[in-house]
Structure formats: C-alpha cells, structure tokens
Amino acid sequence: MILVTGATGFAGSHLLQRLPPESRVIAWARPEGRPAYSTATNVEWHAVDLLDRAAVSKAIASASPTLVYHLAGAPHVGSSFDNPAQPLEINALGTHHLLTAVGNEAPAARVVVVTSAMIYRPSASPHSEESDKLPSSPYGLSKLAQDRLAMLAGADGLNVVVARPFNHTGARQSPTFAISGFAQQIARIEAGGAEPVLRVGNLDAERDITDVRDVVDAYGVIAARGQAGTPYNVCSGRAWRIGDLLDKLLQRARVPVRVEVDEGRMRPMELPRLVGDNTRLRALGWEPRVPLETTLDDVLRDWRARGA
C-alpha cells in the first residue's frame, strides 16, 4: 500500500501519474480539497487534515501503508512573509503528526519526506546536502523544522529518507510561481483576455530548475534506493537566470508582448542565486531527462488549454 499526502498538489498530482498502475494507492487531500488530474482506478481518495492529530493516527492505522510519500504542505515562499504561522503549522506540525502516527501504527513503513532547498544558507556556490542551514524566509524556516523532524525520526529508528527539491516547474503549477505565471500571462494575452503587457518581478535571480516529472521520478528512486536517515538534493545542478527563461517563453508567444517590472511582485529578501549539487542522488541512478525546452513548451501548452 502506497500513501501519498498532498496528492491534489502540483507535484503530488504528477507523482500519482508516475506510480506503477498495479500498485494500490491511497491519496490524501485536505477536507476541502478535491481530486485533480487523476483518473487512475488504483487510487483511493481520503480527506485527512494533517493538523488533526487523532484523525491522522486513525487514517494511518486504517491504511497500514508500506510506503509513504509526504508531499503535503504550504508551498510558497512569497506568501510566507504575509502569514509566517501558516507554513510553520502545516509543514512542521503536520509532519510531526504524520511521523508520530507512522511510528505508532505502521513502524515498518518507508517514508519519503519532501522538504526544500530553501533550508540552506544563501550562497552563490552549489549546495550539497551538508551545506550550512540558514533559511532566509518563514517558508524556509518551516521546511527546516520539517527536515529536522524527519531526520530525528530516522535517528529514532523510523525508515525515513528526505528529498530536498530545488525549484521545479511543469504543467499544472500555480501561477504564483515565476515560469507558470509568465506562461499564464502570455496565454491570456494571446486569447485577447489581457493587454499585451507581461508584468514581472526580479528577472536577475538565478534558479536551479528541474521538470516536475524528473522530480517525482527522483522521489521514486529515493524511496527505492535511498539510505535511511539520509537527505538527497533533487536538482538539475544548473542555475538559469529567470529573465532568460522569460525570453524563451516570449519566443514562443503568438503575439507581441511587452514586459514591465511590477514592484508588487518583488519578494522580500530575494535570493540572487540558488543552485544545487545532485551528486548524491545521481549515485542512486537518477538523472534529469526532460529538456528545459520541452518543459517550457508543456507549461505554455497547459495554460493555453486551460484558457489561462
């Protein structure tokens, strides 16, 4: 039995599509959430609030999973400055409830906890898993707490491995993230639903970008071959300037588009560069396979199909 938390989210929905069709899967969503992008007959949907400790314990006891992918959480860096308590509650307390329940009710289960590269101290150099930890946002702090909880659970004997994804993108991502937001605006302009002006934030930031399909494949590799109690960076190992990615999307636009900087889209304490070292993950046999050009095509195609 495979359990996936955060199954209605961006990466969660892609993970469901990559799991073996013969496997039995329980997918958790928030009580107010709804299944999306999944028509698989082997997926059973349950509404579980990770902040309800008793409900989490009961759901784990009922499911008795052998493998857990924990993807649920507050995903956005920028919004964490507006409400710092929310990511701390969801990412840290929710993870604590899940790991406690697994330890009590399914102690033999393998657990992949997905944290974030935002736990690392800002640096222009590639981050290894041993790099200094010093988050620069409330979101990063919440993910560091989540990461530490997972590592402590592993030290206590739970079969836990940690995935630390860097930036990733693809079809179905929220437009609050840069590439998806650019593509949504382009699709709206093409459809005549907006003036031909694309509004942007900081275009000089550099980010390590991986296709979401490669990312969820990495989660599967980590689940199968990762060493218990060990973290793995999930990244391409290359940083792209956001402005250069925008230029690639604009080259795909069907109509002329003008770019304007919107101060309201600037984040507090924006990291100038974030890039990872994926040596440890590659040693497990993983490597990114989806070309960046394909990823950008897919993101734009997705927004065009959705009517932006």
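Above: the structure in question.
Residues numbered from 1 in each chain as written. Predicted model: local features only at pLDDT ≥ 70, side-chain atom pairs only at ≥ 80, totals over all residues. Heavy atoms only, no water.

Here we come to the overall build of the protein chain. Tallying secondary structure elements over the protein chain gives 10 helices and 14 strands in all. A globule of 308 residues ought to have a C-alpha radius of gyration of about 19 Å, and the protein chain, at 19 Å, matches this closely. Taking the principal axes of its C-alpha atoms as reference, the protein chain extends roughly 60 × 45 × 40 Å. Of the roughly 13500 Å² that the protein chain leaves accessible, carbon and sulfur atoms contribute 50%. Side-chain charges of the protein chain comprise 33 positive and 33 negative groups, with the mean position of each set lying 2 Å from the other. (Helix = DSSP H or I, 4+ residues; strand = E, 2+ residues; numbered from the N terminus. Rg over C-alpha atoms; globule rule 2.2 N^0.38 Å. Areas by Shrake-Rupley, 256 points an atom, 1.4 Å probe, with all protein chains shown as cover. Lys, Arg positive; Asp, Glu negative; His and termini not counted. Charge placed at Lys NZ, Arg CZ, Asp CG, Glu CD.)

Attention shifts here to the packing of helix α6 (residues 178-190) against helix α8 (residues 242-252). For the pair α6 and α8, interaxial distance at closest approach is 10 Å and the crossing angle is 25°. Considered as vectors, α6 and α8 are oriented roughly parallel to each other. As for how α6 packs across α8, the hand of that crossing is right-handed. Residue-level inspection shows Ala178, Ile179, Phe182, Ala183, Ile186 and Glu190 of α6 in contact with α8, the latter providing Ile242, Leu245, Leu246, Leu249, Leu250 and Arg252. (Axes fitted to C-alpha atoms, helices over the stretch in contact; angles between N-to-C directions. Parallel < 35°, antiparallel > 145°, perpendicular 65-115°, else oblique. Left-handed = near helix turned anticlockwise from the far one by under 90°. Contact = heavy atoms within 4.5 Å.)

A word on the sheet that holds strand β9 (residues 206-208). Judged by pairing direction, the sheet is mixed, and its three strands sit side by side in the order β12-β9-β14 without closing on themselves. Edge positions in the sheet fall to β12 (239-241) and β14 (273-274), since each of these pairs with one other strand and no more. Sheet topology places β9 next to β12; three bridges connect them, and they run antiparallel. Bridge assignment links aspartate 208 to a residue of β12, and that residue is alanine 239. Contacts from α8 reach β9 and β12, with the element oriented near 70° to β12. (Pairing = 2+ DSSP bridges.)

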